[in-house]
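Structure assessment
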Number of protein chains: 2
Amino acid sequence: MNVEVIAVGTELLLGQIINRNAATIGEALAEAGIDSFRHTTVGDNLDRLSEVLAEALERADAVITTGGIGPTQDDLTREAICLALGVEMAFSESYAERLRNWWELRGREMPASNLKQAEYPVGANLIINEKGTAPALEIDRGESVIFALPGVPAEMYDLLHSHVIPSLRRRSGEDSALVIRILRTWGQSESLLSESLDDLYQSTTNPMMAFLASSAEIKVRLTAKAPTVAEAEALIAPVEAAVRERLGSLVFGTDDETVENLVLSLARRRGWKIATAESATGGMITTRLTSVPGASDVVVGGVVAYSTEMKARLLGVPIEILDDGVVTEDTAIAMAEGACRELGADVAIAVTGSAGPTAQEKEVGTMVFGFATPEGIGARTLKMPGDRERVRTYSTTAALHFLRLAMQGEGIA
Amino acid sequence: MNVEVIAVGTELLLGQIINRNAATIGEALAEAGIDSFRHTTVGDNLDRLSEVLAEALERADAVITTGGIGPTQDDLTREAICLALGVEMAFSESYAERLRNWWELRGREMPASNLKQAEYPVGANLIINEKGTAPALEIDRGESVIFALPGVPAEMYDLLHSHVIPSLRRRSGEDSALVIRILRTWGQSESLLSESLDDLYQSTTNPMMAFLASSAEIKVRLTAKAPTVAEAEALIAPVEAAVRERLGSLVFGTDDETVENLVLSLARRRGWKIATAESATGGMITTRLTSVPGASDVVVGGVVAYSTEMKARLLGVPIEILDDGVVTEDTAIAMAEGACRELGADVAIAVTGSAGPTAQEKEVGTMVFGFATPEGIGARTLKMPGDRERVRTYSTTAALHFLRLAMQGEGIA
């Protein structure tokens, strides 16, 4: 099975949007063991889009398009499919009803243009899009098939994994099971990590090993393919054990286990309430903790003490400590203690630092983390590379890891 | 002049790397007024790469490739060009000498494989790559031309701007300019917005109109092409004026003017300090405000009062107001007033709501915004669609807009 990907949108050609969807789809296909030899990007132009579609259908068993199925005039993927396949456009009265209900539920009248999303090339199946109003389409054409997905990444991702990949696997006749194990690490660079696993990387092909870096965490991904899930699991087990032995405490979580989830479950287990005290990260730590549904049972709140005055005023950091320096371990610890005291929490993580672009007290990228738990206090200083955005993102991840480690009793004095 | 872009690399197809180069090149071409209708990604495979090249040359006046010109076995762009054009490979003794010197200067012996970078398809010009060892190539073929650039973004960027774009503009004979105007709107759905502009959309082709939706804001993009920038501006002016008249106060910014930038500059102009009081958005509003370098001169800080107790404790929201309900306009206003008072700010935005997945007091998606300025107070209630993540993101955007409007005197009682 050979699948081509077509990303639709003039904004992609003009470079106003980076084509992340192509990478997302490419990765999902690779994990599913499905070949993909060509990705094409084309603008919101009926003739060129239908031409690209027709050519791709000549070469591939399946074509996945993203974008161009919204309600506006420049959304032309449906029309281009009709043109490429030589079929008429039909209208789904039941989907139109669904659209009307969607708007009615929100107490608003549906703009007439939205009905466009109930149109479909004759022969297409409409696939419900749980995160948006434009349905995805699946259109069989002889031996091949077109999947038309939305361009909005979150909508695209869900439909890709819930519908497209399973359908492609069924179609390819391959009922092999695919098991993916992700070992999440923090604390070492991608190049050092991959170097330390190089012999394992070279010597195993099933499971296949890959490294994925994302905001300071490196994931080691093992993908095994076998007739059954149990057999795929059995292929993964020895390699996973070897990786875990090699990496030791660098591995903090498995599969979907994020550091914020770990922090929240540690707090629940010990009956602790969490507070935050942020400066340069400006709310990002609290945002990540509260992104988890149900966080409110252990996260009481946080303070963004952006100015020095606020660190004294909101967190009660003693003036004599601030006078000695704001980007210091003493200030960070006092911020964490202040957050516990002022917010009535048991544990707190605090960050103070110089995120750039201009240095504040210390060199740009100097970030100081303080933490307090019922068992003690501690601090860490890191020098982060990169620009302001990167310093803030990496510091947020580091803060969550220091909080996790502190709750596990590490780094506490 | 019509240029196609070909990105070469199996890692792109597998989604291990996001294809940023395509966006970089697309943007540079657009700015230069050069059309680009198709981008293709293909793996490190000789036959498929030469096929893609040959096809692109049939359609386009020029083809830009990135990647596949390094020293390793899977770098095949030179070979594919030979195959597509039916020419032999030549060897540049002078470039080989340059490579040897490059390594010698660094006190290292050159790996023999590096000599591959001195090979070139007969008829190609070698273009010095100041940031790396692989030269770029420029190969004329009748009326058309191929530029082969490295895949390393920094090397690619330099060669693109120093050599490729100037060469393409010379070749195109016409130095048409492209002007892009983006009108940023908030407060209306993409479908209603496009409906209200439909006649303008239909009746103008230069400038071309497009709609881009991103986290609750809709951008209207006008792209005009003309011999000079001034003429392109003149083409845009009447359409821009018509769109602005039609959309009125929905348009809040132009081009790169984000809502957070507007909020910060409004505060600077009036000498006001800003504070935030967040509940369901959990720090996202403060994160966006502090993402702008230099925000610290007007943003004093914020409070994430995630639990009801914190709303009283940190923000001094009166118990009798909280007893009447936490997700209410009274609570939101009291939170904003409390943020001003407790943090010593002049203006504040507050959010309280039910972000889901389980309802808190009100139906999931009910979000209440309160704001306070030296000129008065106000509140708004919105019902947001979608899941927790979307409710939080859209609410953050809405909060920044309500803050902007309040600072402009709108919605204030």
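The rules we used
Residues numbered from 1 in each chain as written. Chains lettered and ligands numbered in written order. Predicted model: local features only at pLDDT ≥ 70, side-chain atom pairs only at ≥ 80, totals over all residues. Helix = DSSP H or I, 4+ residues; strand = E, 2+ residues; numbered from the N terminus. Buried ≥ 20, exposed ≤ 12 C-beta atoms within 10 Å, placed from the backbone. Contact = placed C-beta atoms within 7 Å. Nonpolar A, V, L, I, M, F, W, Y, C, P; charged D, E, K, R; others polar. Pairing = 2+ DSSP bridges. Domains from an automatic or database assignment. Expected span 1.5 Å × (residues − 1). Bend = angle between axes of the 7 residues up to and from the residue. Axes fitted to C-alpha atoms, helices over the stretch in contact; angles between N-to-C directions. Parallel < 35°, antiparallel > 145°, perpendicular 65-115°, else oblique. Left-handed = near helix turned anticlockwise from the far one by under 90°. Core = buried A, V, L, I, M, F, W, Y, C linked by C-beta atoms within 7 Å. Arc of directions from axis to C-beta.

Okay, the overall build of chain A next. When you go through chain A residue by residue, the secondary structure sums to 15 helices and 17 strands. Sorting the 413 residues of chain A into buried and exposed places 47% on the buried side. Sequence-distant contacts in chain A: of pairs separated by 6 or more residues, those separated by 24 or more amount to 66%.

Let's shift gears to the interface of chain B and chain A. At the junction of the two partners, chain B supplies 60 residues and chain A supplies 59 residues. Per-class residue counts for the side of chain B that touches chain A are 26 nonpolar, 22 polar and twelve charged. Both strand β2 (residues 38-42) of chain A and strand β2 (residues 38-42) of chain B contribute to a ladder of five bridges, which runs antiparallel. Looking across to β2 of chain B, one finds that V42 of chain A is bridged to R38 of chain B.

Bringing the environment of M367 of chain B into the picture now. Residues and elements named next belong to chain B. Within the element layout of this structure, M367 appears in strand β16 (residues 366-373). For M367, a count of 27 C-beta atoms within 10 Å puts it in the buried group. When the C-alpha positions of M367 and A399 are compared, they lie 9.8 Å apart, and in sequence the two are 32 residues distant. Apart from the residues lying within four places of it in its own chain, the contact partners of M367 are A280, V351, G353, L382, M384, V391 and S395.

On to unusual backbone geometry. All names here are of chain A. Omega for the peptide link from N206 to P207 comes to 10°, which places this bond in the cis form. Turning to its location among the elements, P207 is positioned in the loop between α8 (198-203) and β10 (208-214). Its identity is not glycine, yet E361 carries a phi of approximately 70°, on the positive side. Examined against the element boundaries, E361 turns out to sit in the loop between β15 (347-353) and β16 (366-373). When the 14 C-beta atoms within 10 Å are taken as the criterion, E361 is described as partly exposed.

A separate point is the domain arrangement of chain A. Partitioning chain A into structural domains gives domain 1 (3-171), domain 2 (177-254) and domain 3 (259-407). For domain 1 of chain A versus domain 3 of chain A, the distance between C-alpha centres works out to 43 Å.

Attention shifts here to helix α9 (residues 229-247) of chain B. All names here are of chain B. Helix length check: α9, at 19 residues, gives a terminal C-alpha distance of 26 Å against a target of 27 Å (1.5 Å per residue), a fit within 8%. The largest bend along α9 measures about 30° and falls at A237, with the proline P238 one to four residues further on. Within α9, burial applies to A232, I236, V239 and V243. In the core, the buried residues of α9 are packed alongside β9 (177-186), α8 (198-203) and β11 (217-226). Backbone geometry just after α9 places G248 at a positive phi near 55°.

What follows concerns the sheet that holds strand β14 (residues 299-305) of chain B. Pairing within the open sheet is mixed, and its ten strands lie in the order β17(A)-β16(A)-β15(A)-β13(A)-β14(A)-β14(B)-β13(B)-β15(B)-β16(B)-β17(B). In this open sheet, the two edge strands, each paired with only one partner strand, are β17 (376-383) of chain A together with β17 (376-383) of chain B. Averaged over all adjacent pairs, the angle separating strand axes in this sheet is 10°, with direction ignored. Sheet topology note: the strand β13 (residues 274-278) of chain A/strand β14 (residues 299-305) of chain A ladder contains five bridges and is parallel. Across the sheet, residue T276 of chain A finds its bridge partner in β14 of chain A, namely G302 of chain A.

Our next topic: the packing of helix α2 (residues 20-31) of chain B against helix α6 (residues 153-172) of chain B. Residue and element names in this part refer to chain B. For the pair α2 and α6, interaxial distance at closest approach is 11 Å and the crossing angle is 20°. Classed by the angle they form, the pair α2 and α6 counts as roughly parallel. Crossing of α2 against α6: the hand is right-handed. For the pair formed by α2 and α6, the contact residues are R20, N21, T24, I25 and A28 on the first element and P153, M156, Y157, L160, H161 and I165 on the second. Each residue belonging to the contact of α2 with α6 can be placed in one class, and the counts come to seven nonpolar, three polar and one charged.

Here Y201 of chain B lies in helix α8. When sequence neighbours within four positions are dropped, the list of residues in contact with Y201 of chain B reads Q73 of chain A together with S194 and M209 of chain B.

Bringing the sheet that holds β9 of chain B into the picture now. Residues and elements named next belong to chain B. If you trace the four strands from one edge of the open sheet to the other, you get β10-β11-β9-β12, paired in antiparallel fashion. Bordering the open sheet on either side are β10 (208-214) and β12 (251-254), each of which pairs with just one other strand. Adjacent strand axes in the sheet meet at a mean angle of 25° when their direction is disregarded. Here ten bridges tie β9 to β11, and the two strands are oriented antiparallel to one another. Across the sheet, the residue bridging to L178 is K225, located in β11.

This part is about the pairing of β14 of chain B. Of all the seven residues making up β14 of chain B, seven are buried; the element is thus mostly covered by neighbouring parts of the structure. Relative to β14 of chain B, β14 of chain A runs antiparallel, the two sharing five bridges. Note that in β14 of chain B the partner of V303 of chain A across the bridge is V303 of chain B.

Ranked by size, the top nonpolar core spans 115 residues in total, and within it A336, A339 and A348 of chain A together with A336, A339 and A348 of chain B carry the most contacts. Dropping the residues within four chain positions of it, A336 of chain A is found in contact with A277, A348, I349, A350, G370, F371, A372 and I377 of chain A.

Residue and element names in this part refer to chain A. Its 14 residues place the ends of helix α3 (residues 46-59) 20 Å apart at the C-alpha level, agreeing with the 20 Å of an ideal helix rising 1.5 Å per residue. Inspection of α3 places L49, S50, V52, L53, A56 and L57 among the buried residues, and these make up the whole buried set. Considered in projection along α3, the buried side chains sweep an arc of 160° and stay on one side of the axis. Opposite the buried face of α3, at more than 90 degrees from it, the exposed residues are D47 and E58. Buried positions along α3 lie against β1 (3-8), β2, β3 (62-66), α4 (77-85), β7 (136-141) and β8 (144-149).

What follows deals with the pairing of β2 of chain A. Residue and element names in this part refer to chain A. Counting buried positions over the five residues of β2 gives five, a clear majority of the element. Burial of the side chains of β2 extends over both faces: R38, T40 and V42 are buried on one face and H39 and T41 on the other. Alignment of β1 against β2, held across four bridges, turns out to be parallel. Paired with I6 across the two strands is T40, which belongs to β2.

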